[in-house]
Amino acid sequence: MSMASSSPRVHVRAPGKINVYLGVGGRHDDGYHALATVFQAVSLYEDVIARHADDFSLVVRGVEDPDTVPLDDRNLAMRAAKLLAAAAGYEGGVALEIRKSVPVAGGMGGGSADAAAALVACDALWGTGFSQARLHELAARLGADVPFALHGGTAVGTGRGDQLNPALARGRFDWVLVTSEEGLSTPVVYGRLDALRDEEGALADDPPLSLDVPVAVLQALRSGDPEALAECLFNDLEAAALDVRPDLEQTILDGIRAGALRGIVSGSGPTIALLCADPEGAQHVQAALREAGVDALHVHGPVPGARIMG
Ligand code: ATP
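Since the structure is predicted, the reported quantities are computational estimates derived from the model, not experimental observations. (Residues numbered from 1 in each chain as written. Predicted model: local features only at pLDDT ≥ 70, side-chain atom pairs only at ≥ 80, totals over all residues. Heavy atoms only, no water.)

(A) A look at the overall build of the chain. What the chain contains, in helices and strands, is ten helices and twelve strands. Taken against the 2.2 N^0.38 rule, which gives 19 Å for 310 residues, the C-alpha radius of gyration of the chain at 19 Å falls within 12% of a compact globule. Structurally, the chain occupies a C-alpha span of about 55 × 45 × 40 Å along its principal axes. Buried positions account for 50% of the 310 residues belonging to the chain. Within the chain, contacts between residues at least 6 apart in sequence are counted, and of these 77% link residues at least 24 apart. Positive and negative side-chain charges of the chain, numbering 24 and 41 respectively, have mean locations separated by a distance of 6 Å. (Helix = DSSP H or I, 4+ residues; strand = E, 2+ residues; numbered from the N terminus. Rg over C-alpha atoms; globule rule 2.2 N^0.38 Å. Buried < 20%, exposed > 50% of the residue type's maximum accessible area, 1.4 Å probe, protein only. Contact = heavy atoms within 4.5 Å. Lys, Arg positive; Asp, Glu negative; His and termini not counted. Charge placed at Lys NZ, Arg CZ, Asp CG, Glu CD.)

Spelled out as structure tokens, the structure:
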């Protein structure tokens, strides 16, 4: 087994994600829904710094309300560090520091990014020397979105979203993100989707237990054409998220009025992702929304997954 790193700290950066396409199928017996999704990693990052320590500890910076992020074993980064230590037979600990930029409970996979970053950081700090495949396997045990945060780029996720296949994406896509002060709970949004589907009643077909991403989405990504991608953006959770937060519909309309090609709820929301034609278009949309007092961020994708910083 390799030796623990002699450097006092390892800094890893991992991206948040947007679901360019999110199809939600039926619920399996274990409670999970079948998914077919396309993730795109975007330039809004979580930074995780790992330092040698005898025990496990965690501090989180950059969140307005500290109560929203657990600091104990419920924190995905802490769970990642402990899972890696157990898998590697490492007997020491780690002092983790998370600098958050991805909104908490924003539907952008911030906690998953922290977990992926913690795996890579502890692997380097402890000299565990695990392969990418082994880290991927541990990531999948931590949560369905964690393997993608490790991988980055643009990828198709099936199963629970954790069976990943890279997707070809040419060029860059410019997005404006509208964040919300208050997060949305992912289980609540899935629960609302189930309730809405139940209300549709016996006339509706049962949602399938296995689904695919439409070819048009993959073609649009390959072409690098934002207008083509705008036409096929889709999120099965959107109706449920808008049912919980009806005000988000207006945010989408405001983004389109400001010049965005299209807007969708990102993942389980409440972050709204507005796809723009090019960087200048996105700057314009961001400026117009900010002038109206809205928290808007211009990001681009795809960007790489969790990686060690120099
Ligand atoms: P999901 O990945 O469930 O779709 P999300 O992307 O909307 O979630 P996250 O910011 O990842 O949102 O966190 C969802 C919840 O997970 C938080 O409300 C918090 O209670 C818990 N959590 C656990 N670990 C973390 C972490 N490292 N950062 C933020 N939240 C975390």
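Following the structure, the description resumes.
(B) Examining the pattern of salt bridges more closely. One pass over the full model with this rule turns up 18 salt bridges. Between E137 and R141 there is a salt bridge; the shortest N-O distance is 3.4 Å. One end of the pair is E137 and the other is R141, both in helix α3 (residues 132–142) and four residues apart, which spans about a single turn. In this structure, the salt-bridge partner of R172 is D174, at a minimum N-O distance of 2.6 Å. Residue R172 is classed as partly exposed on the basis of its relative accessible area, which comes to 39%. The exposure class assigned to D174 is buried, which follows from its relative accessible area of 2%. Each member of the salt-bridge network shares a partner with another, and the members are R51, R61, E97 and R99. (Salt bridge = Lys/Arg side-chain N within 4 Å of Asp/Glu carboxyl O.)

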